[in-house]
Every structure is written in structure tokens, then in C-alpha cells.
Amino acid sequence: METFEVGFSSVDITPDNMGFPMYGYGSREENSLGVHDPLFAKTMILKNGQESWSLTVLDLIGIDSKTVNEIRHTVAENTGLKASAIAVSCIHTHSGPSVGDPGN
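Keep in mind that what you see is a predicted model, and the values were worked out from it rather than measured. (Residues numbered from 1 in each chain as written. Predicted model: local features only at pLDDT ≥ 70, side-chain atom pairs only at ≥ 80, totals over all residues. Heavy atoms only, no water.)

Quick look at the layout of surface pockets now. Within this model, the largest pocket holds a volume of roughly 290 Å³. For the lining of the largest pocket, the per-class residue count stands at 9 nonpolar, 8 polar and 2 charged. In terms of lining, the second largest pocket is formed by 12 residues, of which the most central are V11, I13, A41, T56 and L58. The class makeup of the residues in the lining of the second largest pocket is 9 nonpolar, 3 polar and no charged. (1 Å grid on protein atoms, 1.4 Å probe; cavity = no way out; pocket = protein on both sides within 12 Å on 5 of 7 lines; lining within 4 Å. Points joined across faces, edges and corners; volume = space filled by probe spheres on them. Nonpolar A, V, L, I, M, F, W, Y, C, P; charged D, E, K, R; others polar.)

Membership of the largest hydrophobic core is limited to 10 residues, which are L39, A41, L58, L60, I63, V68, A76, L81, I86 and V88. Breaking this core down by element, the ones donating at least two residues are α1 (65-79) and β4 (86-90). Contacts of I86, omitting those with residues within four sequence positions, involve S54, R72, V75, A76 and L81. (Core = buried A, V, L, I, M, F, W, Y, C linked by side-chain atoms within 4.5 Å. Buried < 20%, exposed > 50% of the residue type's maximum accessible area, 1.4 Å probe, protein only. Helix = DSSP H or I, 4+ residues; strand = E, 2+ residues; numbered from the N terminus. Contact = heavy atoms within 4.5 Å.)

This brings us to the pairing of strand β3 (residues 51-58). Only one face of β3 is covered, namely the one carrying S52, S54, T56 and L58; the face carrying E51, W53, L55 and V57 has none of its residues buried. Summarising the sheet, strand β2 (residues 40-48) and β3 pair through 8 bridges and their orientation is antiparallel. Each residue of the ladder has a partner; that of A41, found in β3, is L58. Taking the residues between adjacent antiparallel strands as the criterion, β2 and β3 are bridged by 2 residues, where G49 takes a positive phi near 65 degrees. In the sheet, β3 pairs with β4 via 5 bridges, with the strands oriented parallel. Counted as the bridge partner of V57 is S89 from β4. (Pairing = 2+ DSSP bridges.)

A few words now on the sheet that holds β3. Judged by pairing direction, the sheet is mixed, and its 4 strands sit side by side in the order β1-β2-β3-β4 without closing on themselves. The sheet is open, and its two edges are formed by β1 (4-12) and β4, each paired on a single side. Going from strand to strand, the sheet's axes swing by 15 degrees on average, the running direction of each strand aside. Here β1 pairs with β2 via 9 bridges, running antiparallel. Pairing of E5 across the sheet is with K47, part of β2. Along the sheet, α1 contacts β3 and β4; its crossing angle with β4, the most-contacted strand, is approximately 140 degrees. (Axes fitted to C-alpha atoms, helices over the stretch in contact; angles between N-to-C directions.)

Right under this line is the structure:
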């Protein structure tokens with residue numbers, strides 16, 4: 001019988017500096033002014049026999065496909081996971097900074 005393994009990780013991704021444009025409301029004119037709550041990247045790794053998968057959820061409104069592909073490439077290069085087995089998603093918060101155009 002194959003062993004099924006699960007691992008979890010959480011990393012603070014709150015920017016050190018302020019002034020980022022904010023997503024979420026079209027009428028918002030000011031950039032970020034401070035931190036109310038930290039932002040995290042939370043990852044779950046699943047392994048069943050020789051196959052492994054990764055799901056990362058970011059506390060952001062969204063990220064562009066270029067950034068997702070860069071994350072997948074970096075993770076694959078550093079872990080041995082297949083890029084096709086790495087999923088990246090966002091919680092869609094309206095209280096976080098923009099990090100690229102999520103429409104791409």
C-alpha cells in the first residue's frame with residue numbers, strides 16, 4: 001500500500017515598504033498607507049507514491065499569468081515537482097496591494 005503524505009507551509013508576504021497601488025475599488029485613489037493585517041502565501045503539498053502536487057494560495061486579489069508561470073518555474077526548479085503539478089491561486093482580497101495585472 002502506498003503512503004499518502006501531506007505537508008503545509010505558511011510564509012509572510014507582507015511588503016516591507018508602503019506606497020503600492022491598491023486593487024479592489026475603482027474609486028480608490030491612494031496607495032497603501034500601512035499594514036492592518038499581514039499577508040500570507042500558504043502552501044499544501046500532496047504526495048502519493050512517486051506523484052506530488054502543490055497548491056499555493058496568496059492573500060492577494062489576483063496575479064497575472066506571467067507571475068504565476070515564474071512561481072511555477074521557480075518551485076519546479078527548486079523542488080523537483082513538475083510545473084504542471086503546481087497550482088497557484090489568490091483569495092481575492094480587496095485589502096491588498098496590486099502585484100501585476102490579474103486580467104492577463
